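Spelled out from the first residue to the last, the chains are:
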Amino acid sequence: TQILKIDSKDKTYYHLAGVFASNFLAGNLFNAQKLLSLNNIDKQKFFNVLSSTIQSTLQNIKTVGPSKALSGPGDRGD
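Structure report, in brief. (Residues numbered from 1 in each chain as written. Predicted model: local features only at pLDDT ≥ 70, side-chain atom pairs only at ≥ 80, totals over all residues. Heavy atoms only, no water.)

### Observations regarding the overall build of the protein
Moving on, step 1. Looking only at helices and strands, the protein features three helices and zero strands.
Moving on, step 2. The order of helices and strands in the protein, counted from the N terminus, is α-α-α.
Moving on, step 3. The C-alpha radius of gyration of the protein comes to 16 Å, more than 25% above the 12 Å expected for a compact globule of 78 residues.
Moving on, step 4. The principal-axis extent of the C-alpha atoms belonging to the protein is close to 50 × 30 × 25 Å.
Moving on, step 5. Counting over 78 residues, the protein shows a buried share of 12%. (Helix = DSSP H or I, 4+ residues; strand = E, 2+ residues; numbered from the N terminus. Rg over C-alpha atoms; globule rule 2.2 N^0.38 Å. Buried < 20%, exposed > 50% of the residue type's maximum accessible area, 1.4 Å probe, protein only.)

So this is what it looks like as structure tokens:
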């Protein structure tokens, strides 16, 4: 964890970045869980099903940045 001093005028941007990075991620995974439940994958197993994809995406983001971290149909354009 890195401590970062920010000016009060910039707090809004840091807050919104945190919302996108955390709350929207949790919301998207909630939706993924709901979609998998349509295939009878229960709440306890959904993360195991998607764990590899989630971890690969996070590693791609760390390595090449979020704009190049897409994979699958979105990245291929199909």
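Still more to cover.
### Considering the environment of phenylalanine 47
Moving on, step 1. Tracing the backbone through its elements, the reader meets phenylalanine 47 in helix α2 (residues 43-64).
Moving on, step 2. Through-space distance from the C-alpha of phenylalanine 47 to that of leucine 16 is 26 Å; in sequence the pair is 31 residues apart.

### Observations regarding the layout of surface pockets
Moving on, step 1. Of the pockets and cavities examined, the largest pocket occupies roughly 390 Å³.
Moving on, step 2. For the largest pocket, the full set of lining residues is Phe20, Ala21, Phe24, Leu25, Asn28, Leu29, Ala32, Leu50, Thr53, Ile54, Thr57 and Leu58.
Moving on, step 3. Listed by contribution, the elements that provide at least two residues to the lining of the largest pocket are α1 (11-37) and α2.
Moving on, step 4. Among the elements that make up the lining of the largest pocket, the one with the highest residue count is α1 (seven residues).
Moving on, step 5. Each residue belonging to the lining of the largest pocket can be placed in one class, and the counts come to nine nonpolar, three polar and no charged. (1 Å grid on protein atoms, 1.4 Å probe; cavity = no way out; pocket = protein on both sides within 12 Å on 5 of 7 lines; lining within 4 Å. Points joined across faces, edges and corners; volume = space filled by probe spheres on them. Nonpolar A, V, L, I, M, F, W, Y, C, P; charged D, E, K, R; others polar.)

### Focus on the packing of aromatic side chains
Moving on, step 1. Counting across every chain of the model gives two aromatic pairs.
Moving on, step 2. Ring geometry for phenylalanine 20 versus phenylalanine 24: centroids 4.5 Å apart, planes at 70°, classification edge-to-face. Of this pair, phenylalanine 20 and phenylalanine 24 both sit in helix α1, four residues apart, which is roughly one turn of that helix.
Moving on, step 3. When its relative accessible area of 54% is taken as the criterion, phenylalanine 20 is described as exposed.
Moving on, step 4. According to the relative accessible area criterion, phenylalanine 24 is partly exposed, its value standing at 42%.
Moving on, step 5. Residues phenylalanine 46 and phenylalanine 47 carry aromatic rings whose centres are separated by 6.4 Å and whose planes lie at 80° to one another, so their mutual orientation is edge-to-face.
Moving on, step 6. Given a relative accessible area of 35%, phenylalanine 47 falls into the partly exposed group. (Phe/Tyr/Trp six-rings, centres within 6.5 Å; stacked < 30°, edge-to-face > 60°.)

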